[in-house]
Amino acid sequence: MNVILQQLLLVPLLFFVGVVGAAESKSETTLDEYAADFADEDDDELDEEEGPISFSGFIDARFGNRVWTAIDNDNFTLGEIRARVDLQGDFYVATMKIVSDFVFDPIEHPDTVDLYQGNGLIDLRELSVAKSLGSVDLKVGRQVITWGTGDMLFIHDMFPKDWKSFFIGRNDEYLKVAQDAIKASYFNPYFTVDFVWTPLFASDRYVDGNRISYFSGMTNSVVGESTEFDAEKRGAFGSDSEISMRVSQTWGGTTVALYGYKGFWKSPNAMRFDGTIYYPELWVYGASVQSSLLGGLVNAEYGHYHSKEDVGGLNPMVPNSELRFLGGYEHELAKNLMGSMQYYVEYMLENDAYQKTLMPGMIEKVEYRDLITIRLTKMMMNQTLILSLFSYYSPAENDAYTRGNIALTVTDYLTVDAGANVFAGEHNYTFFGQFESNSNVYGGIKIRF
Amino acid sequence: MKKFKKVLTIVTTGVALIAGSAVAKEASISVEKIIKKANHTSYYGGEDGRAKVSMLIKDDQGRKRKRSFTILRKDVGKGDGEQKFYVFFRRPSDLKNMAFLVWKHLDRDDDRWLYLPSMDLVKRIAGSDKRTSFVGSSFFYEDVSGRGLDQDSHVLLEPTETQYVVENIPKSPSSVEFSKYTVWINKSTFVPERIEYLNKSDKLYRTYRALKIKSVQGRPTVVMSVMKDLTTGVETINKYSKVEYDIGLDESVFTERYLRKPPKQFLKF
């Protein structure tokens, strides 16, 4: 009897020992050990409801220099420290947002603050009030707006761009500039309408000789600082306004959109008889489609650029109308390696008329200018190291522009990056070829809070 | 003594019979039913759901990265089928206010969008790379939205005391980095409690463990889990708090409108 009892008791004992023994031999982290990892974690912060005000920001220090000899410009292309303040308030009555950079630029020392050019101490990127009223979302004030399917190529994104920032190594977000506008979006299950009214024309921050040298049709040579030009501002509130519209819908993974724009060419590309450079009138309309295909993404976009002041093409001082088309495809190439390619073309209308206006000494614009772009993005070390390459090549003009960047996220709060902008071209008067002397390398450190 | 022995025999036989019939009952639950129930418990609780997620990514040097986000989910379509997910990031600073939208499909690639507030950019992402890291963590996109049941063939192995054990072999081996993975599923709750992945050399390289399970609105819910990559030593611990089911999410929340304008009424809770 005793023997049996002992044996009966032994079984659970052995089982217990066996389990514990097994657990110890596996030496897996226990629940308590993992919980301890979160102990310094602001647990309560996660559980408690956040207040209406949220704040974030960063400090970004960045420096860039040319790699070839500068033409009519300094060797430095970039040298600044920016402090970003991002403040958002979600109140019952509306949502308010302020995003501003405070810029310390020891190289340029601009004396005045120009909120439209982003010069000076303050570069205001957003100052807006947003409200939803049923099926309509409204956003009023200074804001960045983006739409369209292109990657670093824009047909229907008629919102201002900062080409200088793009070329000298500031973060990608600086390519997009804010404008003062009213945006209204109406939603229903069948379609969405976005409507943007910009009462005061918001031009691109175009290349004007400052920092970036360009080819001047006046001197037929590459010039820079010495020949900084000013375009006639379109400052008439209301009459110098822009309207942008988009109607879109997504069915079964395919997004289709129709676009319309009434305003002006975004960079000053026309000249009056007295020599002033100005922004002529422009209407744009077209469509885009984007869908998944064979495990990747395909997109196509088409636009008619109607140059209202020179419909017949006979005015040599105003650009002709154009047709623009873009097609792209993106797919994973290998683990953590994404690739995409685009083909883009600008086709000049009324080219025969344009030919007749050419005068000796004028550089002829190609009838169609096409571009092939390639993007490669490689993520490594749990996405803390990202290598990016983006290249434009124009078969029509035989020039190219390559952007490379390596970014390392050291901690959640610190990122360092370095990169290069390389321009090359057969001729010094083509779109990218003219920027060859501006090729540069840059580095930056960003501390987030 | 003789009487005791007799009683012991009867008791033992009785226990054996009951245990035997229980085993017979277990064997009669097909592997298809087990994985279907496990899939339902993991991804399809209620008609919709939300949770606050705190994610800690730890590397083998002890360095930590944190992500905080809120995830909303809605079942669309019939049965355990298509779903829509909305993820809104609060931390860290470079992900703050970024939003991510997935329309999960069973018969084709998922549709995915990412919203970058600094550029007001709604960027569509190719849906094919399901087995790449979700925001730098050890979890893949596929772990977040669920792997299709018909992607693997399932074999029922010898169960443990408390768990069914299912081995899964991919039907399209070239599309994944594992040769097979084994899941330990709790017999009563059908929560997958452990998953072990073997690479193409049949070596264990990735493990998942459900660390803490709570009953939320009567549904067994994993509130703490860990995914570990044994080759790099990086592990990610997820903590789910304020989990809620059937909150009445409308399908319209899972659209571009709310990528640009986060649905605060569902995100602040």
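In case you missed it, the structure is sitting above this.
Rules used throughout
Residues numbered from 1 in each chain as written. Chains lettered and ligands numbered in written order. Predicted model: local features only at pLDDT ≥ 70, side-chain atom pairs only at ≥ 80, totals over all residues. Heavy atoms only, no water. Helix = DSSP H or I, 4+ residues; strand = E, 2+ residues; numbered from the N terminus. Buried < 20%, exposed > 50% of the residue type's maximum accessible area, 1.4 Å probe, protein only. Contact = heavy atoms within 4.5 Å. Areas by Shrake-Rupley, 256 points an atom, 1.4 Å probe, with all protein chains shown as cover. Lys, Arg positive; Asp, Glu negative; His and termini not counted. Charge placed at Lys NZ, Arg CZ, Asp CG, Glu CD. Rg over C-alpha atoms; globule rule 2.2 N^0.38 Å. 1 Å grid on protein atoms, 1.4 Å probe; cavity = no way out; pocket = protein on both sides within 12 Å on 5 of 7 lines; lining within 4 Å. Points joined across faces, edges and corners; volume = space filled by probe spheres on them. Nonpolar A, V, L, I, M, F, W, Y, C, P; charged D, E, K, R; others polar. Polar contact = N/O pair within 3.5 Å; in protein donor to acceptor, adjacent residues only side chain to side chain. Phe/Tyr/Trp six-rings, centres within 6.5 Å; stacked < 30°, edge-to-face > 60°. Lys NZ or Arg CZ within 6 Å of the ring centre and 35° of its normal. Expected span 1.5 Å × (residues − 1). Arc of directions from axis to C-beta. Salt bridge = Lys/Arg side-chain N within 4 Å of Asp/Glu carboxyl O.

Trainee: Explain the overall build of chain B here, please?
Mentor: On a plain count of helices and strands, chain B comes out with five helices and 13 strands. Overall size of chain B, expressed as C-alpha extent along the three principal axes, is 85 × 45 × 40 Å. Split into buried and exposed, the 269 residues of chain B put 56% on the buried side. Across chain B, contacts joining residues at least 24 apart in sequence account for 44% of those joining residues at least 6 apart. Element-wise, carbon and sulfur atoms account for 56% of the exposed surface of chain B, whose accessible area totals about 12,100 Å². With 50 positive and 34 negative side-chain charges, chain B shows a separation of 7 Å between the mean positions of the two kinds.

Trainee: Would you explain the overall build of chain A in this entry?
Mentor: Of regular secondary structure, chain A possesses five helices and 22 strands. In terms of overall size, chain A is more extended than a compact globule, its C-alpha atoms giving a radius of gyration of 28 Å where 449 residues would be expected to give roughly 22 Å. Across its three principal directions, the C-alpha atoms of chain A cover 120 × 55 × 50 Å. Sorting the 449 residues of chain A into buried and exposed places 46% on the buried side. Partitioning the intrachain contacts of chain A with sequence separation of at least 6 by distance along the chain shows that 58% fall at a separation of at least 24.

Trainee: For this particular structure, what's the right way to read empty space enclosed by the protein?
Mentor: In this approach, a probe sized like a water molecule rolls over the atoms, and the result shows the empty space that is left. All names here are of chain B. A complete count under the given rule lists six cavities of 30 Å³ or more for this structure. Counted as a void, the largest cavity has a volume near 1,100 Å³. Forming the walls of the largest cavity are 49 residues, and the residues nearest its centre are Ser42, Tyr43, Asp143, Val144 and Tyr208. When residues of the lining of the largest cavity are assigned to their parent elements, the largest contribution, six residues, is made by helix 2 (residues 31-43). Considered class by class, the residues forming the lining of the largest cavity number 29 nonpolar, 12 polar and eight charged.

Trainee: For this particular structure, what's the right way to read the side chain of Arg67(B)?
Mentor: Following the sequence through the fold, Arg67(B) ends up in strand 2 (residues 64-75). Taking the relative accessible area as the measure of exposure, Arg67(B) reaches 8% and is therefore buried. Within the structure, Arg67(B) has its side chain in polar contact with the side chain of Asp412(A) (distance 3.3 Å). Ignoring any residue separated from it by four or fewer positions in sequence, one finds Arg67(B) in contact with Asp412(A), Val53(B), Ser54(B), Met55(B), Ile57(B), Arg91(B), Pro92(B), Leu95(B) and Val135(B).

Trainee: Is there a simple way to explain the packing of aromatic side chains in this structure?
Mentor: We describe a pair of aromatic rings using the distance from one ring centre to the other and the angle between the two ring planes. A full pass over the atoms with the stated rule returns 37 aromatic pairs over all chains. Centroid distance Phe69(B) to Phe134(B): 5.8 Å. Interplanar angle 80 degrees. Geometry classified as edge-to-face. Linking Phe69(B) in strand 2 with Phe134(B) in the loop between strand 6 (121-125) and helix 3 (141-145), this pair joins segments that are 65 residues apart in sequence. With respect to burial, Phe69(B) and Phe134(B) carry one shared label: buried. An aromatic cluster of at least three residues, connected via ring pairs, comprises Phe154(A), Trp163(A), Phe166(A), Phe167(A), Phe390(A), Tyr392(A), Tyr401(A), Phe423(A), Phe431(A), Phe432(A) and Phe435(A). The ring of Phe154(A) is capped by Lys161(A), whose NZ or CZ atom sits 4.5 Å from the centre of that ring. For the cation-ring pair, Arg206(B) lies above Tyr197(B), with the distance from its terminal atom to the ring centre recorded as 4.9 Å.

Trainee: Would you explain the side chain of Glu126(A) in this entry?
Mentor: All names here are of chain A. With respect to the helices and strands, Glu126 occurs in strand 4 (residues 122-133). When its relative accessible area of 5% is taken as the criterion, Glu126 is described as buried. Within the structure, Glu126 has its side chain in polar contact with the side chain of Ser128 (distance 2.9 Å). Among residues more than four places away in sequence, those in contact with Glu126 are Lys97, Ile98, Val99, Lys139 and Arg142.

Trainee: Please explain helix 2 of chain B as it appears in this structure.
Mentor: Spacing of three or four residues puts side chains on the same side of an α-helix, whose turn is 3.6 residues. All names here are of chain B. Here helix 2 contains 13 residues, and its C-alpha end-to-end distance of 18 Å stays within 8% of the 18 Å for a straight helix at 1.5 Å per residue. Where helix 2 is concerned, the buried positions are Val31, Ile34, Ile35, Ala38, Asn39 and Tyr43. Looking down the long axis of helix 2, one finds its buried residues gathered within 130 degrees of arc, a one-sided arrangement. Opposite its buried face, helix 2 presents the exposed residues Lys33 and Lys36, each directed more than 90 degrees away.

Trainee: Even after reading the chapter, I still don't get the interface of chain B and chain A, so can you show me in this structure?
Mentor: Reports of interface size often rely on the accessible area that becomes lost once the parts have come together. Taken together, the contact pairs 61 residues of chain B with 65 residues of chain A. Inspection of the chain B/chain A interface yields six salt bridges. Of the charged contacts in the structure, one is a salt bridge between Lys264(B) and Asp90(A), with a shortest N-O distance of 3.4 Å. Our count for the chain B to chain A interface comes out at 18 residue pairs in polar contact (both at pLDDT 80 or more). If you tally residues by element for the side of chain B that touches chain A, the top one is strand 13 (residues 234-245) of chain B, at six residues. Tallied by class, the residues present in the side of chain B that touches chain A amount to 20 nonpolar, 11 polar and 30 charged.

Trainee: Explain the pattern of salt bridges to me, please; I cannot follow it from the model alone.
Mentor: Oppositely charged side chains can pair when the atoms bearing their charge come close. All names here are of chain A. For the coordinates displayed, the defined rule picks out 52 salt bridges over all chains. Residue Arg62 pairs with Asp417 through a salt bridge whose shortest N-O separation is 2.9 Å. Here Arg62, found in strand 1 (residues 53-66), pairs with Asp417, found in strand 21 (residues 414-425); they are 355 residues apart in sequence, far enough to count as distant. Neither Arg62 nor Asp417 differs from the other in exposure class; each is buried. The partner of Glu173 in a salt bridge is Arg125, with the nearest N and O atoms 3.4 Å apart. Residue Glu173 is located in the loop between helix 4 (163-168) and strand 6 (179-187), and its partner Arg125 is located in strand 4; the two are separated by 48 residues in the primary sequence. For Glu173, a relative accessible area of 8% corresponds to the buried category.

Trainee: Please clarify how the environment of Asp48(B) should be interpreted in this entry.
Mentor: Residue and element names in this part refer to chain B. Among the secondary structure elements, Asp48 is positioned in strand 1 (residues 48-58). We classify Asp48 as buried; its relative accessible area is 3%. Expressed as a C-alpha distance, the spacing of Asp48 and Lys84, which sit 36 residues apart in the sequence, is 9.3 Å. Once residues within four sequence positions are removed from consideration, Asp48 is found in contact with Arg73, Lys74, Glu244, Tyr245, Asp246, Ile247, Gly248 and Leu249. A distance of 2.7 Å separates the side chain of Asp48 from the backbone nitrogen of Ile247, its partner in a polar contact. Within the structure, Asp48 has its side chain in polar contact with the backbone nitrogen of Gly248 (distance 3.1 Å).

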